[in-house]
Amino acid sequence: MSFGFACFPEDGSDAEKLTHAADVAVYYSKRNGRNRVSWIGEVPASVKLEFAGLEDKIAPTEEPPTEKDPAPPPTAESSDKLPGSTDPGSPPSLEQQIQLGLERNEFEVYYQPQVSLRDGEIVGVEALVRWRHPERGLVMPGEFVPLAEQTRLICQLDLWVLEEACRQVQIWNLDRPANHPLMLSVNLSARNLEEERLPETIAQALAKTRLNPHWLQLELTETVFAEISEANIHLLQRLKELGLGLAIDDFGTGFAGMNYLRFFPVDTLKIARSFVQSLDASPKSKAIVESIIGLGRNLKLAIVAEGVEDGKEVACLNAWGCKLIQGYYFARPMPRAEFEALIKPGLQNSSNSIPALKKKPIELAQFQVS
Ligand code: C2E
Ligand code: MG
Ligand code: MG
């Protein structure tokens, strides 16, 4: 059974408008796997458009197309379409494909190490989502995260990534000394902050996977702080009370000012790749990166430089006091099994597809830092 509801007068000023709104909500419940109740206020605009397209073709109470009666498989062309294929016989829109991908377990977590420059050890890992699409192969987040954000599917996706990565890192940490756990970083879209129950949801994921909250860090982009509401501030505080860490991703690129650093319980700044990769060519980037590292030191925040691709960048960052590095210089994001081989005791120095990490910092001496 699928239910939908709408409230007077917010969702419709007369009986006709209200019934219509409730019909759309019923449709949304059906599209979301049925057996649920939806409120019109949570229905994405793209679904409303979709419903409008179907309305004069089918009766609202009719069930929408199901997997038993599949639409033609999506083509590469159709996959690029942005939301809402309005014709029920046409290939699913990208939004519908993401929803199906979630139901069919087509998403995977890739892992990219974060390395300490002190000793070349992998001390942390960032979980990055990938979509193993049945026709298109491996799809990168840049192609689907923006739409998933528009349609709020990102909340479901982020929670799935969080649980999957927490479960995995907990297993890896069982084989490591208790005082030397692998720290997990997970990206959290700003859309999640609209969910008042986010702290409870994350607490449940932590309890379910048994990961120590102190081993988890949530990465938020700076844009979150550009237009932060009081409700968001309260929510972030409740998240921190769980014991987890908060990182600002792509620090320096979000037009957020810096005032929030005075009030927010932030733990880590991640220096944006765009600054790191222009270190060589731009004296201004050099000055910015050096300043961010100094800012982090003075505020007692951890600093991670991301997008580090060559030894020269490593040398500069090391000389300026940045001790945590993430980037292709050490390793690209990789599937679970590959990452596992990399961190298994005894394997870190052996030759595998990734260069022996421990040798890397020793090479620092070859680079002159000006
Ligand atoms: P991010 O969180 O800033 O992640 C770092 C991105 O830089 C990753 O791209 C990573 O593969 C890439 N990268 C790391 N080192 C290097 C390097 O040395 N050179 C270059 N050229 N790139 C490097 P990816 O995996 O394509 O992810 C892109 C963005 O998509 C992420 O940026 C994040 O904003 C978003 N994203 C990824 N996974 C998730 C997720 O599970 N949830 C949410 N909400 N967003 C995600
Ligand atoms: Mg990130
Ligand atoms: Mg980043």
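Right above here is the structure, for reference.
Every residue gets a number counted from 1 within its own chain, in the order that chain's sequence is written. Starting at A for chains and at 1 for ligands, labels are handed out in the order in which the entities are written. Since the coordinates come from a predicted model, pLDDT governs what is reported: local features require at least 70, and pairs of side-chain atoms require 80 or more to be given and counted, while whole-chain, interface and lining totals use all residues. To get the side-chain values, take all heavy atoms of the structure and skip hydrogens and water.

A.B. asks: Tell me about the site of ligand 1, residues and numbers included.
C.D. replies: Note on terminology: near, applied to a residue and a molecule or strand, indicates that one of the residue's heavy atoms is within 4 Å of it. Close to ligand 1 lie 24 residues; Asp-158, Asn-187, Asp-249, Glu-309 and Tyr-328 are nearest. Any pair of nitrogen or oxygen atoms within 3.5 Å is treated as a polar contact; in protein, a donor-acceptor pairing is required on top of that, and neighbouring residues in sequence qualify only through side-chain atoms on both sides. At a separation of 2.8 Å, an oxygen atom of ligand 1 approaches a polar side-chain atom of Asn-187. Between an oxygen atom of ligand 1 and a side-chain N or O atom of Asp-249, the distance comes to 2.8 Å. Burial of ligand 1 by the protein amounts to 85% of the accessible area it has alone, namely 800 Å². Elements with a minimum of two residues in the shell around ligand 1: strand S4 (122-133), helix H6 (153-174) and strand S8 (245-251). Among the elements that make up the shell around ligand 1, the one with the highest residue count is S4 (four residues). All residues other than Ala, Val, Leu, Ile, Met, Phe, Trp, Tyr, Cys, Pro, Asp, Glu, Lys and Arg, Gly among them, are scored as polar; the first ten of these are nonpolar and the last four charged. Partitioning the shell around ligand 1 into residue classes produces nine nonpolar, six polar and nine charged. Note that accessible areas follow from Shrake-Rupley with a 1.4 Å probe, and for residues the cover is restricted to the protein chains shown. Put simply, DSSP marks the helices as runs of H or I at least four residues long and the strands as runs of E at least two long, and each gets a number from the N terminus on.

A.B. asks: Lay out the coordination of the magnesium ion (ligand 3) in plain terms, naming residues and giving numbers.
C.D. replies: Coordination here is defined by N, O and S atoms within 2.8 Å of the metal (3.2 Å for Na, K and Ca), and since water is not considered, a site can look incomplete. Of the protein atoms, only Asp-249 (OD), Asp-250 (OD) and Glu-306 (OE) coordinate the magnesium ion (ligand 3), at distances of 1.8 to 2.2 Å. Here the donor residues for the magnesium ion (ligand 3) map to a single chain with the spacing D-D-x55-E.

A.B. asks: I'd like a description of the pattern of salt bridges, backed by residues and values.
C.D. replies: Take a side-chain nitrogen of Lys or Arg and a carboxyl oxygen of Asp or Glu: if they are within 4 Å of each other, that pair is a salt bridge. Throughout the structure, instances matching the rule amount to 16 salt bridges. Of the charged contacts, one joins Glu-108 and Arg-132 as a salt bridge, the two residues approaching to 2.4 Å between their closest N and O atoms. Highlighted residues: Glu-108 in strand S3 (residues 107-116) and Arg-132 in strand S4, separated in sequence by 24 residues. Across the pair Glu-163 and Lys-208 runs a salt bridge, and its minimum N-O distance is 3.1 Å. Taken together, the positions of Glu-163 in helix H6 and Lys-208 in helix H7 (residues 198-209) put the pair 45 residues apart, joining distant regions of the chain. Any residue under 20% of the maximum accessible area for its type is buried, any over 50% is exposed, and the rest in between are partly exposed; the area is computed with a 1.4 Å probe on protein chains only. By relative accessible area, Glu-163 is classed as buried at 16%. Each of Glu-126, Glu-219, Lys-270 and Glu-306 takes part in a single network of salt bridges with overlapping partners.

A.B. asks: Account for the packing of aromatic side chains, with residues named and values stated.
C.D. replies: Within a pair of aromatic rings, the relevant descriptors are the distance that separates the centres and the angle that separates the planes. Think of it this way: a Phe, Tyr or Trp ring, Trp meaning its six-membered ring, pairs with another when their centres are within 6.5 Å, and the plane angle makes it stacked under 30 degrees, edge-to-face over 60, tilted otherwise. Following the criterion strictly, the structure yields ten aromatic pairs and no others. With a centroid separation of 4.4 Å and an interplanar angle of 15 degrees, the aromatic rings of Phe-225 and Tyr-260 are classed as stacked. Here Tyr-260 lies in helix H10 (residues 260-263) and Phe-225 lies in helix H8 (residues 223-226), a separation of 35 residues in the sequence. Geometrically, the ring pair formed by Phe-225 and Phe-264 is edge-to-face, given 4.8 Å between the ring centres and 65 degrees between the ring planes. Within this pair, whereas Phe-225 is found in helix H8, its partner Phe-264 is found in the loop between H10 and strand S9 (268-271), the two being separated by 39 residues in sequence. As far as burial versus exposure is concerned, Phe-225 and Phe-264 are alike and both buried. Through pairs of rings, three or more aromatic residues link up here, namely Phe-107, Trp-131 and Phe-144.

A.B. asks: Break down the coordination of the magnesium ion (ligand 2) for me, with residues and values.
C.D. replies: Around the magnesium ion (ligand 2), the protein contributes the donor atoms Glu-126 (OE), Asn-187 (OD1), Glu-219 (OE) and Asp-249 (OD), at 2.0 to 2.2 Å from the metal centre. All donors of the magnesium ion (ligand 2) belong to a single chain; written as a sequence motif, their spacing is E-x60-N-x31-E-x29-D.

A.B. asks: I'd love a proper account of the side chain of Asn-173, names of residues and values included.
C.D. replies: Within the element layout of this structure, Asn-173 appears in helix H6. We call two residues in contact whenever any of their non-hydrogen atoms come within 4.5 Å of each other. Beyond its immediate sequence surroundings of up to four residues, Asn-173 is in contact with Pro-181, Leu-182 and Trp-215.

A.B. asks: Which residues make up the pairing of S3, and what are the values?
C.D. replies: In terms of residue burial, S3 counts as a mostly covered element, since nine of its ten residues are buried. Pairing between strands is defined by DSSP: at least two bridges between them are needed. In terms of strand pairing, S3 meets S4 through nine bridges, oriented antiparallel. Note on S4: the bridge partner recorded for Tyr-110 is Leu-128. Between S3 and S4, which follow one another and run antiparallel, lie five residues, and Gly-120 among them has a positive phi close to 75 degrees. Taken together, the two bridges between S3 and strand S11 (residues 324-326) define a ladder with antiparallel strand orientation. When the sheet's bridge partners are listed, Ser-116 is paired in S11 with Leu-324.

A.B. asks: An account of the packing of helix H4 (residues 94-103) against helix H5 (residues 141-150) is requested, with residue identities and associated values reported.
C.D. replies: With their axes 10 Å apart at the nearest point, H4 and H5 run at an angle of 100 degrees to one another. Viewed along their axes, H4 and H5 adopt a mutual orientation that is roughly perpendicular. Across the interface between the two elements, Leu-94, Glu-95 and Ile-98 of H4 pack against Glu-143, Phe-144, Leu-147 and Ala-148 of H5. Looking at the contact of H4 with H5 residue by residue, the class counts come to five nonpolar, no polar and two charged. Note on geometry: axes are lines fitted to C-alpha atoms, helical ones only across the stretch in contact, with angles between N-to-C directions running from 0 to 180 degrees. The cut-offs work like this: below 35 degrees is roughly parallel, past 145 is roughly antiparallel, 65 to 115 is roughly perpendicular, and the gaps in between are oblique.

A.B. asks: Pulling in residues and values, what's your account of helix H12 (residues 283-298)?
C.D. replies: An expected span of 1.5 Å times one less than the residue number is assigned to each helix. Here H12 is 16 residues long and its end C-alpha atoms lie 22 Å apart, about the 22 Å a rise of 1.5 Å per residue gives. Buried within H12 are the following residues: Ser-285, Val-289, Ile-292, Ile-293, Gly-294 and Gly-296. In the core, the buried residues of H12 are packed alongside S8, S9, helix H11 (273-276), strand S10 (302-306) and helix H13 (311-319). Phi turns positive, to about 60 degrees, at Lys-300, one or two residues after H12.

A.B. asks: Explain the pairing of S4 residue by residue, including any values.
C.D. replies: Summarising burial for S4: ten of the twelve residues are buried, a large majority. Across four bridges, the pairing between S4 and strand S6 (residues 183-187) is parallel. Its bridge partner being in S6, Ala-127 is matched across the sheet by Val-186. Direction of pairing for S4 relative to strand S5 (residues 137-139): antiparallel, over a ladder of three bridges. The partner of Arg-132 across the bridge, within S5, is Leu-138. Counted between consecutive antiparallel strands, the loop separating S4 from S5 contains three residues.

It is worth stressing that arrangement in space is one thing and function is another; only the former is reported here.
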